[in-house]
Amino acid sequence: MKTLKILSLLLSATFLSLSASCQQSGKLQGVKTSNSSNKRDISKAQADVKLDRIKLPDGFKIEVWAADVPNARSLSMSEEGIVFVGNRQEKNVYALVDENGDGKADSKFILAEGLRMPNGVAYKDGDLYVAEVSRILRFRDIKNNLNNPKFEVVYDDYPTDGHHGWKFIAFGPDGMLYVPVGAPCNICESKDEIYASITRIDPNAANPQPEIYAHGVRNTVGFDWHPVTGELWFTDNGRDMMGDDIPDCELNKVTEKGQHFGYPYWHAGTVKDPEFGNKGKAASEYVQPEAKLGAHVAPLGIRFYEGSMFPADFKNQAIIAKHGSWNRSKKSGYDVVKVEIDANGKVIGEKPFASGWLNEATQEVWGRPVDVQELPDGSLLISDDVANCIYRVSYTL
């Protein structure tokens, strides 16, 4: 009996090792789920898209990974590849599952309904966190409770303002949940310092309380930590109503807690605000952007690419989704770019990655990229809140 028990343990350990190596090999794994009242079959759902217009570098291919995902916005993912999706204009949160590992989602679970702008989603240690305008919710052990999801309120005292109230959230290397609070206006000077900031909160504390991590951030809807340095990089949407080409939206880097990035006094580092600029300090007193991304392009999702599917020059580079302008006579943005960063952490350039949602000649727009998320095999998901779908970009030599 003892020999059989040891053999059983060895076989079990071998199986776990093989499973782990299989997951680490960069292959997509199917995730089987059972039927329930909140599960929808989307394997045959179609999206109204024009993929033949999307331009990608040689060797890349784009497909619809999931259709019938209304107002698909921020993305997060479990270890197995279950993809969680928030939205801003709708009221639901979804989980999407590739049941057979063929590179397309087959099932959609409705995890919550009737929420207020549940844009932000973040997964950690088996739990899913969702950000409404003023609340942080937690779904315990979500991957084992897709059929019967229930949430608890972690914190419910963020500002209730709808203007820039939707949130992107993510866990940092310190285990804290980072939660931005946008400016409650286009341009204003708020008395409460929590506005125009990035906060962080410990959701496991007995009485969680946000602390302000960065100041002067008008509206960030995307951030990530550099895989090597661990520094927080975030996109920031510039103010409106200063003309077509002023100011640029920004890519910023936080090197220490408490830094101020200029809003509402300075924009894009050197553009003095005509209404509030004289109330602030000199431009040199604020953190300058690492890169200027273009006026009104609305940069949202950002991820550092860590996979092995894409060419080597993508490793640890920032991929950013530009949602696209509204406050401009000629549209800008509506694309996904690669921002190249050297070994010293300095931005050395920006290159097109995916474009074609905007027809420059006719100014027709049929889609708007929002967030990006790497899958276990190294391919890249891109959410689209206008085409109500999620794309998958893959690469082959």
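Shown above is the structure to which this text applies.
Residues numbered from 1 in each chain as written. Predicted model: local features only at pLDDT ≥ 70, side-chain atom pairs only at ≥ 80, totals over all residues. Heavy atoms only, no water.

*Asks:* Would you mind going over the pattern of salt bridges with me for this structure?
*Replies:* Side chains bearing opposite charge may pair, as long as their charged atoms lie close to each other. Taken as a whole and assessed by the stated rule, the structure comprises 28 salt bridges. Taking the shortest distance from any N to any O, the salt bridge between Lys50 and Glu364 comes out at 4.0 Å. With a gap of 314 residues between them, Lys50 in the loop between strand S1 (39-41) and strand S2 (60-66) and Glu364 in strand S27 (residues 364-365) connect regions that are remote in the sequence. Classification of Lys50 as partly exposed rests on a relative accessible area of 23%. The exposure class assigned to Glu364 is partly exposed, which follows from its relative accessible area of 31%. Here Glu63 makes a salt bridge to Arg392, at a shortest N to O gap of 3.8 Å. (Salt bridge = Lys/Arg side-chain N within 4 Å of Asp/Glu carboxyl O. Helix = DSSP H or I, 4+ residues; strand = E, 2+ residues; numbered from the N terminus. Buried < 20%, exposed > 50% of the residue type's maximum accessible area, 1.4 Å probe, protein only.)

*Asks:* Help me understand unusual backbone geometry, please; the structure alone is not making it clear to me.
*Replies:* Comment: phi is negative for the bulk of residues other than glycine, and the bulk of peptide bonds are trans. Cis rather than trans, the peptide bond between Ile246 and Pro247 has omega equal to -10°. Here Pro247 shows up in the loop between strand S16 (232-236) and strand S17 (248-254). Following Tyr263, the chain continues to Pro264 via a peptide bond in cis, the omega torsion being 5°. Within the secondary structure layout, Pro264 lies in the loop between strand S18 (259-260) and strand S19 (266-267). If you check the backbone angles, Asp141 has positive phi at about 45° while not being a glycine. Here Asp141 lies in the loop between strand S9 (136-139) and strand S10 (151-155).

*Asks:* Could you clarify how one ought to interpret the sheet that holds strand S23 (residues 318-322) in this entry?
*Replies:* In spatial order, the strands read S22-S23-S24-S25; together these four strands make up an open sheet with antiparallel pairing. At either margin of the open sheet sits one strand with a lone partner, and together these are strand S22 (299-304) and strand S25 (347-354). Sheet twist, expressed as the mean angle between neighbouring strand axes with direction ignored, is 25°. As paired strands, S23 and strand S24 (residues 335-341) are joined by five bridges and run antiparallel to one another. The residue bridging Ile320 from the neighbouring strand is Val337, located in S24. (Pairing = 2+ DSSP bridges. Axes fitted to C-alpha atoms, helices over the stretch in contact; angles between N-to-C directions.)

Interpretation in functional terms is not warranted from these geometric data alone.
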